[in-house]
Amino acid sequence: MNYYMNKVALATISFFDSGNKPSDYIEPERLHGVKAPTKPLEVQEASVCFYHGFVLGLMVDRRKDYIVTSNRESGFGRYDVLMEPRNAEDNSLPAIVLEFKVHDAEDESSLADTVAAAHAQIEEKGYDAGLLERGIAKERIRHYGFAFEGKKVLIG
């Protein structure tokens, strides 16, 4: 998956798509083409939205086997993407929780640290809660942290 994501990102993503300086600010109309009377968003937040949409677009191809949901509440927060097997009795497919993070050199020294932060957030916020409530065993739930930095991706 790491090889595939890096290959796709290198071939398709422009550095301008995700923002090039985490400390810059971006106006909401730059993101959505609509003027809004809200405060500016940090580029890092805009970057997460970009990468989120990028990966979600790749994942919807799995709709035959999975119910793919985005930005839904579970536990004490809101996960980025959740993939729940359509057939809950089919133990061959795991349930998958994805959390996306943009590497911030001020907070993390490497992409691996960013992946670890994504995993920590999944655990701390209890994003498995909805899956567990629907009867999916903890052993069948996989967590993946996606760390992004420009065109580089690390999944762990």
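Since the structure is predicted, the reported quantities are computational estimates derived from the model, not experimental observations. (Residues numbered from 1 in each chain as written. Predicted model: local features only at pLDDT ≥ 70, side-chain atom pairs only at ≥ 80, totals over all residues. Heavy atoms only, no water.)

**Q** What's the story with the overall build of the protein chain in this structure? I'm lost.
**A** Check the secondary structure of the protein chain and you find 6 helices and 9 strands. Of all 156 residues assigned to the protein chain, the portion counted as buried reaches 38%. Sequence separation of 24 or more characterises 54% of the internal contacts of the protein chain that already satisfy a separation of 6 or more. On the protein chain, roughly 9,200 Å² of surface is accessible, and the fraction owed to carbon and sulfur atoms is 53%. (Helix = DSSP H or I, 4+ residues; strand = E, 2+ residues; numbered from the N terminus. Buried < 20%, exposed > 50% of the residue type's maximum accessible area, 1.4 Å probe, protein only. Contact = heavy atoms within 4.5 Å. Areas by Shrake-Rupley, 256 points an atom, 1.4 Å probe, with all protein chains shown as cover.)

**Q** I'm lost on the nonpolar core in this one. Help?
**A** Nonpolar side chains tend toward joint burial in soluble globular proteins. In this structure, Val55, Leu98 and Phe146 are the most contacted members of the largest nonpolar core, which totals 21 residues. Listing elements by their share of this core, those giving two or more residues are helix 1 (2-12), helix 4 (43-59), strand 3 (66-70), strand 6 (81-85), strand 7 (95-102), strand 8 (141-149) and strand 9 (152-155). If sequence neighbours within four positions are ignored, Val55 has contacts with Met5, Leu98, Phe100, Phe146 and Phe148. Core analysis: the second largest hydrophobic core is formed by 9 residues, Tyr79, Ala95, Ile122 and Ile136 among them. (Core = buried A, V, L, I, M, F, W, Y, C linked by side-chain atoms within 4.5 Å.)

**Q** How should I be thinking about the side chain of Glu99 in this particular structure?
**A** The residue Glu99 is located in strand 7 in this model. The charged side chain of Glu99 is buried without a salt bridge, its nearest counter-charge being Lys101 at 4.4 Å. Within the local environment of Glu99, its side chain forms a polar contact with the side chain of Gln121, the two groups lying 3.2 Å apart. In this view, Glu99 contacts Tyr79, Asp80, Ala118, Gln121, Ile122, Tyr127, Tyr144, Gly145 and Phe146; residues no more than four positions away in its chain are not counted. (Lys, Arg positive; Asp, Glu negative; His and termini not counted. Salt bridge = Lys/Arg side-chain N within 4 Å of Asp/Glu carboxyl O. Polar contact = N/O pair within 3.5 Å; in protein donor to acceptor, adjacent residues only side chain to side chain.)

**Q** Please clarify how unusual backbone geometry should be interpreted in this entry.
**A** Apart from glycine, the bulk of residues carry a negative phi angle, and the bulk of peptide bonds sit in the trans form. Notably, Asn71 is not glycine yet its phi reads approximately 55°, a positive angle. Mapped onto the secondary structure, Asn71 falls in the loop between strand 3 and strand 4 (73-74). Overall, Asn71 belongs to the partly exposed group, its relative accessible area being 37%.

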